Amino acid sequence: MKVPFMTGLGLIGAESLAFNAMLAPAVLAGAFAGRWLIGRVNQKAFEIIALALGAAAGLNLMLG
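Residues numbered from 1 in each chain as written. Predicted model: local features only at pLDDT ≥ 70, side-chain atom pairs only at ≥ 80, totals over all residues. Heavy atoms only, no water.

- The name recorded for the protein chain in an unreviewed UniProt entry is GDT1 family protein, from Termitidicoccus mucosus.

Quick look at the structure:
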């Protein structure tokens, strides 16, 4: 539903489609790497790191 409106607004065009196609291999590599890593990362450590990074990002937005 959004594609016709985004095309009309100039947000999607030949240049952006070419750029997205260029990035597709990196997205696929990231997906496979994520599947491989999911069983090897400690869940509690991941949650603590994610919360700390989220708090740092929020603080950066408020101060910067």
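Let's pick the thread back up.
### Description of the overall build of the protein chain
Right, so step 1: Counting its regular elements, the protein chain contains three helices and zero strands.
Right, so step 2: Walking the protein chain from its N terminus toward its C terminus, one meets helices and strands in the order α-α-α.
Right, so step 3: If one aligns the C-alpha atoms of the protein chain with their principal axes, the spans along those axes are about 45 × 35 × 20 Å.
Right, so step 4: Across the 64 residues that make up the protein chain, the buried fraction comes to 0%.
Right, so step 5: When the accessible area of the protein chain is evaluated, it comes to approximately 5,900 Å², of which 75% is carbon and sulfur surface. (Helix = DSSP H or I, 4+ residues; strand = E, 2+ residues; numbered from the N terminus. Buried < 20%, exposed > 50% of the residue type's maximum accessible area, 1.4 Å probe, protein only. Areas by Shrake-Rupley, 256 points an atom, 1.4 Å probe, with all protein chains shown as cover.)

### Considering the environment of Gly34
Right, so step 1: Residue placement: Gly34 occurs in helix H2 (residues 14-37).
Right, so step 2: For Gly34, a relative accessible area of 34% gives the class partly exposed.
Right, so step 3: When the C-alpha positions of Gly34 and Ile12 are compared, they lie 28 Å apart, and in sequence the two are 22 residues distant.

### Overview of the confidence of the model for the protein chain
Right, so step 1: Averaged over all residues, the pLDDT of the protein chain is 94; the fraction at 70 or higher stands at 100%.
Right, so step 2: Taken element by element, the predicted model of the protein chain shows its lowest mean pLDDT in helix H1 (residues 2-8) (90) and its highest in helix H3 (residues 43-63) (97). (pLDDT = per-residue confidence, 0-100.)

### Section: H3
Right, so step 1: Taking 1.5 Å per residue, 21 residues should reach 30 Å; H3 reaches 30 Å between its end C-alpha atoms and fits that length.
Right, so step 2: Where H3 begins, the side chain of Asn42 points an oxygen toward the backbone nitrogen of Lys44, at a separation of 2.9 Å. (Expected span 1.5 Å × (residues − 1). Polar contact = N/O pair within 3.5 Å; in protein donor to acceptor, adjacent residues only side chain to side chain.)

### Quick notes on a nonpolar patch on the surface
Right, so step 1: Taken together, the side chains of Phe19, Met22, Leu23 and Val27 present a nonpolar region at the surface, about 400 Å² in accessible area.
Right, so step 2: By the element assignment, Val27 lies in helix H2.
Right, so step 3: Exposure remark for Val27: the relative accessible area of 56% places this residue in the exposed category. (Patch = residues over 30% accessible without salt bridge, like charges linked within 9 Å, V, L, I, M, F, W, Y side chains within 5 Å. Salt bridge = Lys/Arg side-chain N within 4 Å of Asp/Glu carboxyl O.)

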